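# Residue-level structural notes
Read off the chains here:
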Amino acid sequence: MSAAMAAHLSVVTAQSPSLSAARQSVLHLYRDFQRGVPEIMRTHQIDMPMSQIRTKIREEFERHRDVKDLAVIDILLFKGRSEYQETMNAWKQETHIMRYFIKDDAPPKPEGFLEKFLAGRD
């Protein structure tokens, strides 16, 4: 991938002047992720339905739906833009992307001593 393409996906980080401006930035990022799903699937050779990937993207955005602090929203926007750029530029490997899906399928870790002992953990 050329440096021009990487620069094309970068966005200048700036503080949002208001909640409505931050909301517009979040929606823009969300749409970029949703539009990029076919390219992400092709670049990273992900073998799962497109709808499952789109649903996971929506879940990640919905997790932070109730955030009202402008500084926190700006930090989440920065992190989201970084994730988008790293994914689209193939700076992430397939395993990095698949971790988002594995978290949901993993069994809960044992908490007490007896559960850890029976599971064979220290």
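Residues numbered from 1 in each chain as written. Predicted model: local features only at pLDDT ≥ 70, side-chain atom pairs only at ≥ 80, totals over all residues. Heavy atoms only, no water.

For the protein chain, an unreviewed UniProt entry supplies the name NADH dehydrogenase (Ubiquinone) 1 alpha subcomplex subunit 6 and the organism Entomortierella parvispora. Of the protein chain, the UniProt comment under Sequence similarities (unreviewed entry) reads exactly: "Belongs to the complex I LYR family." The heading Subcellular location (unreviewed entry) in the UniProt record of the protein chain holds the text "Mitochondrion inner membrane". (UniProt positions renumbered as here; feature names shortened; annotations may be inferred.)

## Overview of the overall build of the protein chain
From N to C terminus, the protein chain includes six helices and zero strands. Listing each helix as α and each strand as β along the protein chain from the N terminus yields α-α-α-α-α-α. Expressed as a percentage of the 122 residues in the protein chain, the buried residues total 26%. Across the protein chain, the fraction of contacts at a sequence separation of at least 24, relative to all contacts at a separation of at least 6, is 72%. (Helix = DSSP H or I, 4+ residues; strand = E, 2+ residues; numbered from the N terminus. Buried < 20%, exposed > 50% of the residue type's maximum accessible area, 1.4 Å probe, protein only. Contact = heavy atoms within 4.5 Å.)

## Structural notes on the pattern of salt bridges
Using the criterion set out here, one finds nine salt bridges in the structure. Measuring nitrogen to oxygen at the nearest pair gives 3.8 Å for the salt bridge that ties aspartate 32 to arginine 35. Of this pair, aspartate 32 and arginine 35 both sit in helix H2 (residues 19-44), three residues apart, roughly one helical turn. Under the relative-accessibility criterion, aspartate 32 is labelled buried at 13%. Accessibility expressed as a relative area gives 59% for arginine 35, which makes it exposed. The residue aspartate 32 makes a salt bridge to arginine 81 at a minimum N-O spacing of 2.9 Å. With aspartate 32 in helix H2 and arginine 81 in helix H4 (residues 70-88), this pair connects stretches of sequence that are 49 residues apart. Both residues of the pair, aspartate 32 and arginine 81, count as buried. Connected through shared salt-bridge partners, Lys56, Glu59, Glu60 and Arg63 make up one network. (Salt bridge = Lys/Arg side-chain N within 4 Å of Asp/Glu carboxyl O.)

## Considering the packing of H2 against helix H3 (residues 50-62)
For any two helices packed against each other, one specifies the crossing angle of their axes together with the interaxial distance. Contact geometry of H2 with H3 gives a least axis separation of 10 Å together with a crossing angle of 155 degrees. Between H2 and H3, the interaxial angle falls into the category roughly antiparallel. In the crossing of H2 with H3, the sense of the turn from one axis to the other is right-handed. Side by side, H2 and H3 meet where Val26, Leu29, Tyr30, Phe33, Gln34, Val37, Pro38 and Met41 of the first sit next to Met50, Ile53, Arg54, Ile57, Arg58 and Phe61 of the second. Within the contact of H2 with H3, the residues separate by chemical class into eleven nonpolar, one polar and two charged. (Axes fitted to C-alpha atoms, helices over the stretch in contact; angles between N-to-C directions. Parallel < 35°, antiparallel > 145°, perpendicular 65-115°, else oblique. Left-handed = near helix turned anticlockwise from the far one by under 90°. Nonpolar A, V, L, I, M, F, W, Y, C, P; charged D, E, K, R; others polar.)

## Re unusual backbone geometry
Note: most peptide bonds trans; most residues except glycine with negative phi. In the Ramachandran plot, glutamine 45 falls in the positive-phi region, its phi being about 50 degrees despite a non-glycine side chain. Its location among the elements puts glutamine 45 in the loop between H2 and H3. Under the relative-accessibility criterion, glutamine 45 is labelled exposed at 64%. A positive phi is found at alanine 90, a non-glycine position, where the angle reads about 60 degrees. If you trace the backbone, alanine 90 turns up in the loop between H4 and helix H5 (94-105). With a relative accessible area of 34%, alanine 90 lands in the partly exposed category.

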